[in-house]
Amino acid sequence: DTDHALIKSGQENLVRCEECGMVHSVPAERERLVSLKVIVSSDRQSQPYFIHLPAREQLIVGDELLVDDPAREVVMTQITSLETDRRVESAPAASVRTVWARATDQVSVKISVYRSGQTRPLKISVPGDELYTVGEARTAKGSRYEIVKIKLRGEGFADAAQAKDIQRIWGREI
């Protein structure tokens, strides 16, 4: 068995032998797909989806996963948990029973706006890839504020982050 370099893929793959340089075709391997149940949380609702993935695809908590269920809309998600016979941080798709994920294409951002000793909570729905930066002036629900602090999901703070990664924003009304 010698190594071969893939030149062109298709129903028949065109390969070059690494030892002798001979070019020939080999039948393409068909990848086995598995059906996976994905529970997608968005705000306070969870919906079951069913998708097909290559059996050998490695799923990892924290990775993004495009959920394309033919019976529903397409949703971009972030994997929050993987269930095999127990909860794991990573596993090949074939051994996963259920994927738990949260929608990241449209997310809710919690904002605490401070003014004269009073804090007003706000909650807005924005695209998950919208960028927020400390020092930036924003307007939400009639309040104009300057971002003073951004707390990330999980742990820690940041000077800038996408909405899908934010747990809470603190702002000073301007």
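Above this text sits the structure in question.
Residues numbered from 1 in each chain as written. Predicted model: local features only at pLDDT ≥ 70, side-chain atom pairs only at ≥ 80, totals over all residues. Heavy atoms only, no water.

Colleague: Before we move on, could you go through the overall build of the chain and cite the residues and values that matter?
Modeller: A count of helices and strands for the chain gives zero helices and 19 strands. Taking 2.2 N^0.38 as the reference for a compact globule, 174 residues should give roughly 16 Å; the C-alpha atoms of the chain span a radius of gyration of 23 Å, well beyond that estimate. Projected onto the principal axes, the alpha-carbon positions of the chain cover approximately 80 × 35 × 30 Å. Of all 174 residues assigned to the chain, the portion counted as buried reaches 32%. For the chain, long-range pairs separated by at least 24 residues make up 37% of all intrachain contacts whose partners lie at least 6 apart in sequence. With an accessible surface of roughly 11200 Å², the chain has 46% of that area assigned to carbon and sulfur atoms. In the chain, which carries 25 positive and 26 negative side-chain charges, the distance between the mean positions of the two groups comes to 11 Å. (Helix = DSSP H or I, 4+ residues; strand = E, 2+ residues; numbered from the N terminus. Rg over C-alpha atoms; globule rule 2.2 N^0.38 Å. Buried < 20%, exposed > 50% of the residue type's maximum accessible area, 1.4 Å probe, protein only. Contact = heavy atoms within 4.5 Å. Areas by Shrake-Rupley, 256 points an atom, 1.4 Å probe, with all protein chains shown as cover. Lys, Arg positive; Asp, Glu negative; His and termini not counted. Charge placed at Lys NZ, Arg CZ, Asp CG, Glu CD.)

Colleague: Please provide a residue-by-residue account of the nonpolar core, values included.
Modeller: Counting 21 residues, the largest nonpolar core has Leu-36, Val-38, Leu-59 and Val-99 as the members making the most contacts within it. Taken together, the elements giving at least two residues each to this core come down to β4 (33-42), β5 (45-54), β7 (64-68), β8 (74-83) and β11 (98-103). The element best represented in this core is β4, accounting for four residues. For Leu-36, the contacting residues outside a window of four places in its chain are Tyr-49, Phe-50, Ile-51, Leu-53, Leu-59, Ala-93, Val-96 and Val-99. Counting residues in hydrophobic clusters, the runner-up holds 16 residues, among them Ile-111, Ile-124, Tyr-145 and Ala-163. (Core = buried A, V, L, I, M, F, W, Y, C linked by side-chain atoms within 4.5 Å.)

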